[in-house]
Amino acid sequence: MEDVLTDIPPPSRFFLEDLNNFTPPPPPLPYPFLLFSNPNPTKPLRPSLLIIALSSPSLNFFHHVSKTLIGTLILPEVPFSGNSVQPSLRDRSCNIYALNGADQLTILVSVQYAVAAERAHAVAKMLINEQMLPERVLILDSVQSRNFRGTLPPDDTFALKLETSVERKGVGDDGRGDSQLLKGVDYFPSGSVVDGLAAALLSRCQMNKIKGTLCVSWPESGGSVTSLVKSLLLKDVLPGLEHGINSFGEGEHFRFGGNKDHLLDSDLYT
Amino acid sequence: MPYVLDKPALSIGNVGQLAVDLLISSTRADRIGYFDDPNILPCVGNDAYWPAPRGHLALPLEAYDSLSNALTIVQQRSPVSKGMMVEFAMSLADFAAASGKKHIVVLSSLDFVRWQTIDMSSGLQIYYLSSINIDGTDDECEKLGWKRLPEYNLAQRRWKYLSDLAEGNALQEDCMEFEDEAGEEDYYPSLPFAAMFSCFKAKGLKVTCLLCYCSEGDNIPDSFHLAEAASKFLGLSPDNRQGNEGGKWVIPFSWQSLYGPPPDMSLF
């Protein structure tokens, strides 16, 4: 049961310091930056599709997809302690991959740490329109229960979407279109919002007139939602892409989508 | 060319934002653009105002035009990064000045707990603060039966500091000396509307803040009250509104779930 005294208030209510003109600004942080394994990459990269995986089901799905590590995004305030040499779902990392076997150039960004809301604008700007100029963007996140004004039954599994205007224009007069991603997915209901990095990324797409789709799924983890996300991706986004348990054998533990805030993410255990 | 800019300030109960929602939906204002400000926390959602066309994306800081009313309305849907309110207000003031706006109206609520002289005989009193006169008064507002915010005092240290900061005569670090000495009189200049008032005024723009006291809860009635006040002040005719509600207000579509879903009846 929620504790109304100590739990974070719903987003329409403010703490006093949030409304205080005289709250001192936080110390400035260094700008995030991208590192590529190719020392002389063609800058900026121009993928036909940029996929940004934020949710546990999507991270779990892409972990088992054949891909090539081409770079990483460094957020200076995120420590690397505990990260393994080979990419792992347990790592606090934001690796960038080229998806093997996908048509044209499809790039995947796997965001395996929480990006503070105050940093989301800078990270989104780095990924879209500075170092990369994608033709189309797909962002995969989870429904945020604190921001959702509808009911969220724990035994219900679903996905919803938000799109930029340019992506929506793929709809024809009959309500269908050839160029829309995730055509069969319903729109996110009015009155609820998505915040954080996913919102910053989609906003950047909208402002730069890039085709962008944000797909949020519910619940945050579990076998049913992982299957749903996998089905959507293989059917609508990456048909024909090979998917299976990778050779490092991590699949069993994370088959049902590990929680990014796992206890082992503590700095105490490195 | 619209010359009035209507903007909510973040405040208790989100009343300013709700009032702006009413103004946008009822005047059928057209969205004309977005603000890309790094100091606004990101958020996205589906169209806040109308059920169709579906999937119209909403961003955290948007500008709308109501040409028939010569009015530009700015809606802010998410908070400002902690500690960046004054910088945000300065950016907005720069935009307003650069885009030729002559008059800015800021809508905000105040915490009922802070109301020093409660006068219920006057009903839900609207307070205001204007840049027209040095003491914050405006004859036009007085004629409408509104009261100048009595707690406004430009000689008070925090009001003065805000004014100096907006005019570039102070540094944000100078406010550190205030930290341990905050008193009751420091509450009003600490609020977002005060930062906007000071920054718009420093740009030589006419600025009027419309304020009402409220408590947190169902703030829809407060938003109607403030929107009605703004409408009267701006001379917006109810005939120009598109709604069937009293006063011809159009309830924004997103308000259907404003305070969350109905309770789970299976509990009973």
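Every value quoted in this text rests on a predicted model; they were computed, and no experiment measured them.

Asks: Is there a simple way to explain the overall build of chain A in this structure?
Replies: When helices and strands are counted, chain A shows six helices and 10 strands. Burial statistics for chain A: of 270 residues in total, 51% are counted as buried. Long-range contacts, defined here as pairs at least 24 residues apart, represent 79% of the contacts in chain A between residues at least 6 apart. Accessible surface, chain A: about 13300 Å² in total, of which carbon and sulfur atoms supply 54%.

Asks: Explain the nonpolar core here, please?
Replies: Formed by 49 residues in total, the largest nonpolar core has its most connected members in Ile52, Leu73, Val109, Leu127 and Leu214 of chain A together with Val44 of chain B. Not counting residues within four places of it along the chain, the set of residues in contact with Ile52 of chain A comprises Val109, Val111, Leu127, Val137, Leu138, Ile139, Leu140 and Leu201 of chain A. Counting 47 residues, the second-largest nonpolar core is a separate cluster that includes Ala9, Val86, Ala170 and Tyr187 of chain B.

Asks: How do you make sense of the interface of chain A and chain B when you look at a structure like this?
Replies: It is common to give the size of an interface as the accessible area lost on bringing the parts into contact. Taken together, the 42 residues of chain A in the interface contact 57 residues of chain B. Taken over both partners, the interface formed by chain A and chain B buries close to 4000 Å², and the fraction arising from carbon and sulfur atoms is 59%. At the boundary of chain A with chain B, the tally comes to one salt bridge. With a closest N to O distance of 2.7 Å, Arg204 of chain A and Asp36 of chain B form a salt bridge. Summed over the shared surface of chain A and chain B, the result is 10 residue pairs in polar contact (both at pLDDT 80 or more). Contributing elements (two or more residues each) for the side of chain A that touches chain B: helix H2 (117–127), strand E7 (158–163), strand E9 (193–195) and helix H4 (197–207) of chain A. The element best represented in the side of chain A that touches chain B is H4 of chain A, accounting for seven residues. Classifying every residue of the side of chain A that touches chain B gives 19 nonpolar, 14 polar and nine charged. Sheet topology places E9 of chain A next to strand E3 (residues 43–46) of chain B; three bridges connect them, and they run antiparallel.

Asks: What's the story with the environment of Gly45 of chain B in this structure? I'm lost.
Replies: Residue and element names in this part refer to chain B. Tracing the sequence through the fold places Gly45 in strand E3. Of the residues examined, Gly45 reaches a relative accessible area of 4% and is grouped as buried. Distance from Gly45 to Ala229, taken between C-alpha atoms, is 28 Å for residues 184 residues apart in sequence.

Asks: Sorry, what's going on with the sheet that holds E9 of chain A here?
Replies: Backbone-to-backbone hydrogen bonds pair the strands of a sheet. The strands run either parallel or antiparallel. Strand order in this open sheet of three strands is E9(A)-E3(B)-E4(B), and the pairing throughout is antiparallel. This sheet does not close on itself; its edge strands, each paired only once, are E9 of chain A together with strand E4 (57–58) of chain B. Relative to E4 of chain B, E3 of chain B runs antiparallel, the two sharing two bridges. When the bridges of E4 of chain B are listed, Asn46 of chain B appears paired with Leu57 of chain B.

Asks: Honestly, the pairing of strand E2 (residues 49–53) of chain A in this entry has me stumped. Any pointers?
Replies: Regular strands place their side chains on alternate faces of the sheet. Residue and element names in this part refer to chain A. With five of its five residues buried, E2 lies for the most part within the structure. Side chains of E2 alternate between two faces, with Leu49, Ile51 and Ala53 and Leu50 and Ile52 buried alike. Pairing analysis gives five bridges linking E2 to strand E5 (residues 106–111), with the strands arranged parallel. Paired with Ala53 across the bridge in E5 is Ser110. Sheet topology places E2 next to strand E6 (residues 136–142); four bridges connect them, and they run parallel.

Asks: Before we go on, may I ask you to explain helix H5 (residues 192–202) of chain B in this structure?
Replies: Each turn of an α-helix holds 3.6 residues, which means side chains three or four residues apart point in the same direction. All names here are of chain B. The element H5 is largely enclosed, with a buried count of nine among its 11 residues. Buried residues of H5: Pro192, Phe193, Ala194, Ala195, Met196, Phe197, Ser198, Cys199 and Phe200, and no others. One or two positions beyond H5, positive phi appears at Gly204, with a value near 80°.

Asks: I would appreciate a short explanation of the confidence of the model for chain A in the present structure.
Replies: Close inspection of predicted coordinates is inappropriate for parts of the model with low pLDDT. When the pLDDT values of chain A are averaged, the result is 82; 77% of them are 70 or greater. Per-residue pLDDT stays below 50 along residues 245–270 of chain A; that stretch engages in 46 contacts with residues further than four places along the chain or on separate chains.

Asks: Teacher, can you tell me more about the pairing of strand E10 (residues 211–218) of chain A here?
Replies: All names here are of chain A. In terms of burial, E10 is largely enclosed, as seven of its eight residues are buried. Direction of pairing for E6 relative to E10: parallel, over a ladder of seven bridges. Note that in E10 the partner of Ile139 across the bridge is Leu214. Of the pairings in the sheet, the one linking E7 to E10 comprises six bridges and is antiparallel in character. If you follow Leu160 over to E10, its bridge partner there is Val216.

Asks: Just checking my understanding: could you explain the packing of helix H4 (residues 157–166) of chain B against H5 of chain B for this structure?
Replies: Two measures define how a pair of helices packs: the angle their axes make with one another and the distance between the axes. Residue and element names in this part refer to chain B. Between H4 and H5, the shortest axis-to-axis distance is 8 Å and the interhelical angle comes to 45°. With respect to each other, H4 and H5 are oriented oblique. Considering the relative orientation of H4 and H5, their crossing is right-handed. On H5, the residues that touch Trp159, Leu162, Ser163 and Ala166 of H4 are Phe193, Ala194, Ala195, Phe197, Ser198, Cys199 and Ala202. Residue classes in the contact of H4 with H5 are distributed as nine nonpolar, two polar and no charged.

Asks: Please explain unusual backbone geometry as it appears in this structure.
Replies: Note on backbone geometry: most residues besides glycine have negative phi, and most peptide bonds are trans. The omega angle of the peptide bond from Trp218 of chain A to Pro219 of chain A is 5°, so this bond is cis rather than trans. One can find Pro219 of chain A in the loop between E10 and helix H5 (223–237). For Asn14 of chain B, which is not a glycine, the phi torsion comes out positive at approximately 55°. In this fold, Asn14 of chain B is placed in the loop between strand E1 (4–8) and helix H1 (15–27). Judged by its relative accessible area of 10%, Asn14 of chain B falls in the buried class. The residue Ala70 of chain B is not glycine, and still its phi comes out positive at about 50°. Residue placement: Ala70 of chain B occurs in the loop between strand E5 (61–66) and strand E6 (71–76).

Reading the values: the criteria
Residue positions are given per chain, counted from 1 along the sequence in the order it is written. Lettering for chains starts from A, numbering for ligands starts from 1, and both go in the order in which the items are written. For a predicted model such as this one, the threshold for reporting local features is a pLDDT of at least 70, and the threshold for listing and counting side-chain atom pairs is 80 or more; totals across whole chains, interfaces and linings nevertheless cover every residue. For side-chain calculations, the full set of non-hydrogen atoms in the structure is used, while hydrogens and water are omitted. Secondary structure follows DSSP: runs of H or I at least 4 residues long count as helices, runs of E at least 2 residues long count as strands, and numbering of each begins at the N terminus. Note on exposure labels: buried denotes an accessible area under 20% of the residue type's maximum, exposed denotes more than 50%, and partly exposed covers the range between, all computed with a 1.4 Å probe on protein chains only. Throughout, a contact is declared for two residues whenever any of their heavy atoms are within 4.5 Å. Only the protein chains shown count as cover for residues, and the accessible areas themselves come from Shrake-Rupley with a 1.4 Å probe. Nonpolar core, defined: a set of buried Ala, Val, Leu, Ile, Met, Phe, Trp, Tyr and Cys residues in which side-chain atoms within 4.5 Å join the residues together. Values labelled buried area give the accessible surface lost by two parts on being combined, using a 1.4 Å probe and summing over both. By salt bridge we mean one thing: a side-chain nitrogen of Lys or Arg within 4 Å of a carboxyl oxygen of Asp or Glu. Any pair of N or O atoms that falls within 3.5 Å is considered a polar contact. Within protein, one atom must be able to donate a hydrogen and the other to accept it, and sequence-neighbouring residues count only if both atoms are side-chain atoms. The nonpolar class holds Ala, Val, Leu, Ile, Met, Phe, Trp, Tyr, Cys and Pro. Asp, Glu, Lys and Arg form the charged class, and all remaining residues, Gly among them, are polar. Two strands are said to pair when DSSP picks up at least two bridges between them. The pLDDT value expresses, per residue, how confident the predictor is, ranging between 0 and 100. Each axis is a line fitted through C-alpha atoms, and for a helix only the stretch in contact is used; angles between axes span 0 to 180 degrees, taken between their N-to-C directions. Note on terminology: angles under 35 degrees are roughly parallel, angles over 145 are roughly antiparallel, angles of 65 to 115 are roughly perpendicular, and the others are oblique. A crossing counts as left-handed when the near helix is turned anticlockwise from the far one by less than a right angle, and as right-handed when that turn is clockwise.

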